[in-house]
Structure formats: structure tokens, C-alpha cells
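# Results of the structural survey
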Amino acid sequence: MSQLSELLSPPTILLDADAADWREAIRRSGELLVSTGATDPAYTEAMIRTVEEHGPYIVIAPGFALAHSRPDESVHRTGMSFVRLAEPIAFGNAANDPVTLVMALAAEDSSAHREALAALAGVLADPARRSLLDAARTREDVRAALEADGSGPGERSAEDSRSGAEAGTDTGSGTGAMVDADAVPSKKLLLTVCGNGLGTSLFLKNTAEQVLERWGWSSHLDVQATDTISAKGRAKDSDAILTSGAIADTLGEVGVRVEVIENFTSQAEIDAALRRIYAV
């Protein structure tokens, strides 16, 4: 059993839930965490405030939102919840609205849930497994979809083929690299940024690391997830920042290149962004 299934128990799964707007959708996901003792109601309100303050950056893939906030005294243990909405709801994210799936994450610290987020990224990047979540009739169907073997044909293999063929470059040696006037000399650090540095930034970090591993660059670049406040201070020490459009607006001018990523599960989109940054 994976950490994802351990964190997402049957009582934290709700199917075809009614919600009038995005705030209520987040509340439904937060209520599940409260009901299992993972959090207090204050944490649910903190998740809503996070979106009010930073925008709908939690909508990290088409139709999918990952609600979360900072760890505090309202979080008793790391946990997750899953809500499938009866009707799609707009969160205000033009690229990925409307949302049908909302998962909430409560983390005791910055590391306990990383394995679960990596597993979740794999599920959302696989169209077949995502379809299973959309069609699930029971809680156990949801858990089975999250545990399903993702080794078959999916978005990753298709994207890998497209991105490699379209680029026409050798990332290992740099042979045939395109000249980009905006390319930077490497400081060997990439930052992925979200409002709290614990949820969507880790999700984006996982996907970026998968791309770098495929390139054979994992040993050359360090990818670190961080929050908006820390990112402003650390930006000058990095090559670039990967983040959402809403967080990019919050950051403003930070002195380094900021690449906006719409779909945090898309290796093809992140591959293209990294090629722009490093001119390969």
C-alpha cells in the first residue's frame, strides 16, 4: 500500500458532492479532514484564505484543485481528502477551470507527504487513471484508481516522445542547442514556488525532477520548493522560478526569469520551459 492510500482513507472520500462555489468546494474537502481528526475547522478556513490571498494557483491541472495551507496548531496529523463535485465549479483559473476534483492536503511538516504527492502526480498525468477517478462509483473505486498500475500507455510516454522529437536537441551534450538571448549561466538551482511552499510547489518540483532525470541532468541541478516570501529573497541565487500565473503575479519582478506553468502534471510543458531557460 502506498503512502497516498495510507493518507486517503475511505472516510476522507466524498463522491458527487454539491457545492455552490469554490469556497464551499474547499469546505467540503476540509470537513472530511476534520471528521477524521486530522485537522480543526480553522485549517479549512486557512485553505480558503490562501486562495483569497494568492489566487487560484491551487488548480494545478485541468479540472483538479489541491487545497492546502501552512502547518499550524490546527493540523494534528498529515492527511488528505478527496471530493468529486456533482457539478463543475470555476475557481478563477482560466487555464484549468472548471474543477471537478478537489483534494485537500494537511501536512504536519514539509516532508511527510512528498511521496504521496509524487504518486498523485503520476495518477493525474495518466489519462486512463484520471478517467477512473472521474468515473468512480464508490470510495473503493477511488482508492483502486489511485493504486492502479500506471505503467501502461499514458501521458508521460507520449509527451516524452513528442518533446524529444520536437526539440531535436541532445540535452546531455548540448549539441545542436538553440541560441536563446535570454538563456542564463547556471547557478545549479531551480525554484518551484507556491503560496506556502508545501503543496503545489512540491507537486511542480516532482514533475520538474522527472524531466531532469529523463535528460540525465539530475546531478547537475537542484530543484527546491519554496513559498512566495522566501522565493523573493532566494531568487537571485537561482537560475529561474517555475510557478503558476497567480503566484507569478504575486511575486512581481524578482530579478530572474519566471516561467509560468499551467498544468503541473505535464512533463511536456515543463520540458519546454526548461529548454527555454537553458537554451537546449
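See the structure printed just above.
Overview of the structure. The residue numbering used here restarts from 1 in each chain and proceeds along that chain's sequence as written. Restriction of local features to residues with pLDDT of at least 70 applies here, the model being predicted, together with a cutoff of 80 or more for giving and counting side-chain atom pairs; totals for whole chains, interfaces and linings are based on all residues. The side-chain figures draw on all heavy atoms in the structure; neither hydrogens nor water molecules are used.

### With respect to the pattern of salt bridges
One side-chain nitrogen of Lys or Arg within 4 Å of one carboxyl oxygen of Asp or Glu is enough to make a salt bridge. Per the stated rule, a full pass over the model turns up 12 salt bridges. For the salt bridge of Lys205 with Glu209, the shortest nitrogen-to-oxygen distance reads 2.7 Å. Remark: Glu209 and Lys205 occur in helix H8 (residues 200-215); sequence separation between them is four residues, near one turn of the helix. Note that Glu259 is salt-bridged to Arg257, the shortest N-O span being 3.0 Å. For Glu259, a relative accessible area of 7% corresponds to the buried category. Numbering of helices and strands runs from the N terminus, with a helix taken as a DSSP run of H or I at least four residues long and a strand as a DSSP run of E at least two residues long. Exposure categories follow from relative accessible area, calculated using a 1.4 Å probe and restricted to protein chains: below 20% of the type maximum is buried, above 50% is exposed, and the middle band is partly exposed.

### Some thoughts on the environment of Thr265
In this fold, Thr265 is placed in the loop between strand E9 (257-260) and helix H11 (267-278). A relative accessible area of 4% places Thr265 in the buried class. Spatially, the C-alpha atom of Thr265 lies 9.1 Å from that of Val123, the residues being 142 residues apart in sequence. At a separation of 2.7 Å, a polar atom in the side chain of Thr265 contacts the side chain of Asn263. Here a polar contact is taken to be a pair of N or O atoms separated by no more than 3.5 Å, where protein atoms must pair a possible hydrogen donor with a possible acceptor and residues adjacent in sequence count only if both atoms sit in side chains.

### A few points about the sheet that holds strand E7 (residues 222-227)
The sheet built from four strands is open, its strands ordered E7-E6-E8-E9 with parallel pairing. Pairing within the sheet leaves two strands with one partner each, and these edge strands are E7 and E9. Across the sheet, the mean angle separating the axes of adjacent strands is 25° when strand polarity is ignored. Of the pairings in the sheet, the one linking strand E6 (residues 189-194) to strand E8 (residues 240-243) comprises four bridges and is parallel in character. Residue pairing in the sheet places Val193 in a bridge with Thr243 of E8. Here H8 sits on the sheet and contacts E6, E7 and E8; the angle it forms with E7, its principal contact strand, is near 170°. On top of the sheet, H11 reaches E6, E8 and E9; it is set at about 160° to E9, its chief contact. Any two strands are treated as partners once DSSP identifies two or more bridges connecting them. All axes here are fitted lines through C-alpha atoms, helices being fitted over the stretch that makes contact, and every angle between N-to-C directions spans 0 to 180 degrees. Any two residues whose heavy atoms approach within 4.5 Å at even a single point are treated as in contact.

### Digging into H11
Note that an α-helix has 3.6 residues per turn; residues three or four places apart therefore point the same way. The span you would expect from a helix comes to 1.5 Å times its residue count less one. With 12 residues, H11 extends 16 Å from end C-alpha to end C-alpha; this agrees with the ideal 16 Å at 1.5 Å per step. Those residues of H11 not exposed but buried are Gln267, Ile270, Asp271, Ala273, Leu274, Arg275, Ile277 and Tyr278. Looking one or two residues past H11, Ala279 carries a phi angle of roughly 55°, positive in sign.

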